[in-house]
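The residues making up each chain are set out below.
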Amino acid sequence: MKILMVASEANPFIKVGGLGDVVYSLAKALVKQGQEVAIVIPFYKSLRYQSKHAIQFIGHLDVFLSWRKHTVSLLTTKVDGVTYYFTDAAYYFDRDGVYGYPDEHERWAAFVHAVRHMMPVVGFQPDVVHLHDWPTGMLPVLIRELDQKNTFYQKMKFVMTIHSPAFHGEFPPHLIQDFYGLGNHLYDDGALRFQDQASTLKAGLVYSDRITTVSPSHAEELLTSEGSFGLDPILHLYRDKFVGILNGIDTDEWHPTKDPHLVTPIQKLTLQTNKDKNKEQLFNMFDLEHPQYPLFGLVSRLTFQKGIQLILDNLDHFVHLGAKFIFLGAGEMDLEHRLKAFEAKYPKAVRVILGYNNPVAHQIYASSDFFLMPSLFEPCGISQMIAMRYGTLPIVRETGGLKDTVKSYAIYGEKATGFSFLHYTGDSLGWAMQQAMSLFEQKPLLKKLQLNAYETNHDWEKASQLYLKLFTSIQ
Ligand code: ADP
Ligand code: GLC
């Protein structure tokens, strides 16, 4: 089967969060199962300067947004059996960031136009187009409204995956014509209408043959009014085509015994001593004191989603108990400043590294005793699965994929793989952190849990089979 993944992020080229991990590692897993898989993403500014992969020019096409004409170059390369296509619309994507520009909706409109026209030009005719999140939602609308008579597109099926339900891709309805050349009846009849705006996410949900989200628990949450960000009526309507499939992680990149970013590989039989060696090196590198105390790590986008406030509520207390903290993250300025203020207050116990840094992320996952992920909501979460693979025990809120992947100490005892709490309050997180502190003193039990976590399998094999089954069911 030929599968085209359309996304705004994909490793190893561009990644802001877990979306970049998932698009690449799912594609790779599908290739392993004998499928022909391509990914298309925009050609961002940072890609111009990458030298690792040989990216080739293969042609160009014109994209029209009303009266605006943009010439888009098409580029390609191949990584691990996955073909990558890049649409180079410099006017919109030759920029430093991935999201958050004033002309956001015009940019993604240009991208989906380019993807639609790219397929016949590069000669890739997918059986299934796998769309990821709101930037891609208008592609099936364009194809199903404008290309019905074109045999190239006629049999194409669409699957849309919701990773970030809080983002709906809203734009003023009067721009439907300007951005997409489509009539306003698509708004008037409700297909694109969401909370009195046009929405690219809703468009994708309505026009796709199947809808997925990234964990079974989050699929349930999306069907409730409290946990769906307003999407529940739509998903109830399409209940029959909606399913939750748990993400996996890229076990090649996140490999405790073959990780080039660690000073010592983390082997099963010497797990504790290997972790301690890495921890000591991290303490030296970041000038922290007393590596014999428990280390709580965090690697995260700094947004309201991630529950950083609950951590801030607990920092004074746990620093006084001797705990150490390393935070790696980038995002909302207010959260960055508040974390930095704690670092200034406790320079030998708290380190805050701002920015995106993959090697340091690897070191934190491997060296921490506990990994903080008290998210307000979490469709799946990749970080807690990575942490476990390195024998680091996650402390999570019981939401979405966190609930589906972490076995809580309070319930599972010595069979647990981490800690969890339910209520979104600082006290509840503190309660779980206190359990971690106590467990740290009970070394044989700590070791048991670390081994449980280390041995948990979260590779893509099962999930990619479920996707393949889903893709096959709509042929
Ligand atoms: P989300 O996609 O909501 O950000 P996930 O847990 O699904 O959360 O995925 C986060 C991914 O991004 C993980 O691979 C994590 O290691 C990575 N990541 C997040 N922030 C950073 C950062 N500042 N530096 C390096 N990697 C990061
Ligand atoms: C989103 C979600 C995260 C999920 C990731 C990949 O960024 O916030 O929970 O793991 O997508 O699906």
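Remember, it's a predicted structure, so these values are computed and weren't measured experimentally.

Thresholds, definitions, all that
Residues numbered from 1 in each chain as written. Chains lettered and ligands numbered in written order. Predicted model: local features only at pLDDT ≥ 70, side-chain atom pairs only at ≥ 80, totals over all residues. Heavy atoms only, no water. Helix = DSSP H or I, 4+ residues; strand = E, 2+ residues; numbered from the N terminus. Rg over C-alpha atoms; globule rule 2.2 N^0.38 Å. Buried < 20%, exposed > 50% of the residue type's maximum accessible area, 1.4 Å probe, protein only. Contact = heavy atoms within 4.5 Å. Near = heavy atom within 4 Å. Polar contact = N/O pair within 3.5 Å; in protein donor to acceptor, adjacent residues only side chain to side chain. Areas by Shrake-Rupley, 256 points an atom, 1.4 Å probe, with all protein chains shown as cover. Nonpolar A, V, L, I, M, F, W, Y, C, P; charged D, E, K, R; others polar. Expected span 1.5 Å × (residues − 1). Arc of directions from axis to C-beta. Domains from an automatic or database assignment. Salt bridge = Lys/Arg side-chain N within 4 Å of Asp/Glu carboxyl O. Phe/Tyr/Trp six-rings, centres within 6.5 Å; stacked < 30°, edge-to-face > 60°. Lys NZ or Arg CZ within 6 Å of the ring centre and 35° of its normal. Core = buried A, V, L, I, M, F, W, Y, C linked by side-chain atoms within 4.5 Å. Pairing = 2+ DSSP bridges. Right-handed = clockwise from strand over helix to strand, strands pointing away.

Draft legend 1. Just the overall build of the protein chain, in detail. The helix and strand tally for the protein chain stands at 21 helices and 18 strands. Whereas a compact globule of 475 residues would reach a radius of gyration of roughly 23 Å, the protein chain reaches 23 Å, a difference of no more than 12%. If you line up the protein chain on its principal axes, its C-alpha atoms span 70 × 45 × 40 Å. A burial count over the protein chain gives 60% of its 475 residues as buried. Summarising the internal contacts of the protein chain: among those between residues at least 6 apart in sequence, 72% fall at separations of at least 24.

Draft legend 2. Representation of the site of ligand 1 within the structure. Around ligand 1, the structure places 22 residues, and the nearest of them are Gly18, Asp21, Arg301, Lys306 and Tyr365. Taking Asp21, its side chain carries an N or O atom lying 2.8 Å from an oxygen atom of ligand 1. In this structure, a nitrogen atom belonging to ligand 1 sits 2.9 Å away from a main-chain N or O atom of Gly355. Relative to its unbound accessible area of 560 Å², ligand 1 is 93% covered by the protein chains. Among the elements of the structure, α1 (18-32), β13 (295-302), β14 (324-331), α15 (358-367) and α16 (383-389) are those that each provide at least two residues to the shell around ligand 1. When residues of the shell around ligand 1 are assigned to their parent elements, the largest contribution, 3 residues, is made by β13. Considering only residue class, the shell around ligand 1 consists of 8 nonpolar, 9 polar and 5 charged.

Draft legend 3. Focus on helix α14 (residues 333-345). Its 13 residues place the ends of α14 18 Å apart at the C-alpha level, agreeing with the 18 Å of an ideal helix rising 1.5 Å per residue. Within the sequence span of α14, burial applies to Leu335, Glu336, Leu339, Phe342 and Glu343. Down the axis, α14 shows its buried residues gathered within 125 degrees of arc, on one side only. The outward face of α14, more than 90 degrees from its buried face, is lined by the exposed residues Met333, His337 and Ala344.

Draft legend 4. Region of interest: the environment of Lys348. Looking at where Lys348 falls in the secondary structure, it is placed in the loop between α14 and β15 (350-354). Note on Lys348: relative accessible area 34%, which makes it partly exposed. Beyond its immediate stretch of four places on either side in the chain, Lys348 contacts Asp287, Leu288, Glu289 and Lys324. Side chain to side chain, Lys348 and Asp287 meet in a polar contact 3.1 Å long.

Draft legend 5. Region of interest: the domain arrangement of the protein chain. Looking at the protein chain, the domain boundaries give domain 1 (2-248 + 461-473) and domain 2 (271-454). With centres defined by C-alpha atoms, the gap from domain 1 to domain 2 works out at 33 Å. Across the contact, 19 residues belong to domain 1 and 13 residues belong to domain 2. Counting across the domain 1 and domain 2 interface gives 0 salt bridges. Applying the counting criterion to the domain 1 and domain 2 interface returns 5 residue pairs in polar contact (both at pLDDT 80 or more).

Draft legend 6. Summary view of the packing of aromatic side chains. Under the definition given, this model contains 29 aromatic pairs. Centre to centre, the rings of Phe304 and Phe377 are 5.9 Å apart; their planes meet at 55 degrees, and the pair counts as tilted. Here Phe304, found in the loop between β13 and α13 (308-320), pairs with Phe377, found in the loop between β16 (370-373) and α16; they are 73 residues apart in sequence, far enough to count as distant. Linked through ring pairs, Phe296, Phe318, Phe325, Phe327, Phe370, Tyr409, Phe419 and Phe440 together constitute an aromatic cluster. Between Arg68 and the ring centre of Trp67, over which it is positioned, the NZ or CZ distance is 5.1 Å. Sitting over the ring of Tyr238, Lys241 keeps its end group 4.1 Å from the ring centre.

Draft legend 7. Focus on the site of ligand 2. As a structural note, the neighbourhood of ligand 2 is formed by 14 residues, with His163, Asn247, Gln305, Glu378 and Gly381 the closest of them. Look at ligand 2: alone it shows 310 Å² of surface, and the protein chains cover 95% of it. Mapped onto the domain boundaries, the shell around ligand 2 takes at least three residues apiece from domain 1 (2-248 + 461-473) and domain 2 (271-454).

Draft legend 8. Expanded view of the nonpolar core. If you look at the biggest cluster of nonpolar residues, it comprises 169 residues, and the most contacted ones within it are Met119, Phe296, Phe325, Phe327, Leu372 and Ile395. For this core, the element with the most residues is helix α4 (residues 104-122), which contributes 9 residues. Two domains each put at least three residues into this core: domain 1 (2-248 + 461-473) and domain 2 (271-454). Excluding residues within four positions of it along the chain, Phe327 makes contact with Leu298, Ile311, Leu315, Leu339, Val350, Arg351, Val352, Ile353 and Leu372.

Draft legend 9. How the structure looks around the pairing of β13. Of all 8 residues that make up β13, 7 are buried, and the element is covered over most of its length. As judged from the 8 bridges shared by β13 and β14, these two strands associate in the parallel manner. Note that in β14 the partner of Val299 across the bridge is Leu328. You can see the chain leave β13, run along α13 and come back into β14, and the turn it takes is right-handed. Strand direction decides the pairing type here: β13 and β16, joined by 2 bridges, are parallel. By the bridge assignment, Phe296 is partnered in β16 with Phe370.

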